[in-house]
Amino acid sequence: MEDILYLLSEYRYLLLYPLAIVEGPILAVIAGFLCMNHLLNPIIVYPVIVLGDITGDTVCYLFGRIGVPFFLKKILIKMGFHAEKVQRVKAYFDTNPRKTISLSKISLGIGIAGIYAAGAVKIPYRKFITICLITSLIQYIFYLGIGLLFGDAYRQISQYLNFFAGLMITSGLSILLFYIIQTKRRQL
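Residues numbered from 1 in each chain as written. Predicted model: local features only at pLDDT ≥ 70, side-chain atom pairs only at ≥ 80, totals over all residues. Heavy atoms only, no water.

Visitor: Quick rundown of the packing of helix H4 (residues 42-66) against helix H9 (residues 125-150)? Include the residues and the values.
Guide: Following both chains from N to C, one finds H4 and H9 inclined at 140°, their axes separated by 9 Å at the closest point. Put simply, H4 runs oblique to H9. In the crossing of H4 with H9, the sense of the turn from one axis to the other is right-handed. For the pair H4 and H9, contact is made by Pro 42, Val 45, Tyr 46, Ile 49, Val 50, Asp 53, Ile 54, Asp 57, Thr 58 and Tyr 61 and by Tyr 125, Phe 128, Ile 129, Cys 132, Leu 133, Ser 136, Leu 137, Ile 138, Gln 139, Tyr 140, Ile 141 and Leu 144, respectively. (Axes fitted to C-alpha atoms, helices over the stretch in contact; angles between N-to-C directions. Helix = DSSP H or I, 4+ residues; strand = E, 2+ residues; numbered from the N terminus. Parallel < 35°, antiparallel > 145°, perpendicular 65-115°, else oblique. Left-handed = near helix turned anticlockwise from the far one by under 90°. Contact = heavy atoms within 4.5 Å.)

Written as structure tokens, this is what we have:
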């Protein structure tokens, strides 16, 4: 965190966009803190962070859309992911695209899987990017606002965000492991 704070205060907008592609929420809090201290301009920061976030979402979506590498497909089939299950996921995305994509975007840690899945089930890009843009606009007003109001507490906020992301990743992996064990048990 200290490194990001130093780099942003030193190089300002030059690094804001690439960092926003990789790490949006905590970057927005830190950028809000720097805006509060008059090192960055929030009028410039907000659209740059949203654009970076949308770029990252698009890249992840494209990886899902292009397809899963062959070796990964074999592993997924062994785990029990078959065409009919993919069709169920596609049906859920088709009936609830706003809810599914929005929840994927705001779920720290495991949200990338939902964005990847949106590409994999071939949600139309226009629909996907519209939902992502609206969600990002709301999400980053919130995170930038936290940085503006509570910027000095960015270390503690970062710890909570990291804890929540870790909790989500651990929960997601636990559910996946449980599913794999259940699938293997049924096959015996």
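Visitor: Got a sec to walk through a nonpolar patch on the surface? Specific residues and values, please.
Guide: Residues Tyr 6, Leu 7, Tyr 11 and Leu 14 make up a contiguous nonpolar surface patch of about 440 Å² in total accessible area. Top element by residues in the nonpolar patch is helix H1 (residues 2-11). It accounts for three residues. By the element assignment, Tyr 11 lies in helix H1. (Patch = residues over 30% accessible without salt bridge, like charges linked within 9 Å, V, L, I, M, F, W, Y side chains within 5 Å. Areas by Shrake-Rupley, 256 points an atom, 1.4 Å probe, with all protein chains shown as cover. Salt bridge = Lys/Arg side-chain N within 4 Å of Asp/Glu carboxyl O.)

Visitor: Outline unusual backbone geometry, listing residues and values.
Guide: Its identity is not glycine, yet Lys 122 carries a phi of approximately 60°, on the positive side. Position of Lys 122 relative to the elements: it lies in the loop between helix H8 (111-120) and H9. Classification of Lys 122 by relative accessible area gives partly exposed; the value is 44%. (Buried < 20%, exposed > 50% of the residue type's maximum accessible area, 1.4 Å probe, protein only.)

Visitor: Go over the nonpolar core, please, and point to the residues and values.
Guide: Judged by nonpolar contacts, the single largest core of 32 residues is most densely connected at Leu 16, Ala 31, Val 45, Ile 49, Ile 101 and Phe 128. Elements represented by at least two residues in this core include exactly helix H2 (13-22), helix H3 (25-36), H4, H8 and H9. The biggest single contributor to this core is H3, with nine residues. In contact with Leu 16, other than residues within four places in its own chain, are Leu 8, Leu 27, Ala 31, Val 45, Val 48 and Ile 49. (Core = buried A, V, L, I, M, F, W, Y, C linked by side-chain atoms within 4.5 Å.)

Visitor: Talk me through H3; I want residue IDs and the actual numbers.
Guide: Between its first and last C-alpha atoms H3 spans 17 Å; for 12 residues at 1.5 Å apiece the expected length is 16 Å, and the two agree. Counting buried positions along H3 yields 11 of 12 residues, so the element is predominantly enclosed. Considered for burial, the residues of H3 that qualify are Pro 25, Ile 26, Leu 27, Ala 28, Val 29, Ile 30, Ala 31, Gly 32, Phe 33, Leu 34 and Cys 35. The positive-phi residue at the C-terminal boundary of H3 is His 38, with phi of around 65°. (Expected span 1.5 Å × (residues − 1).)

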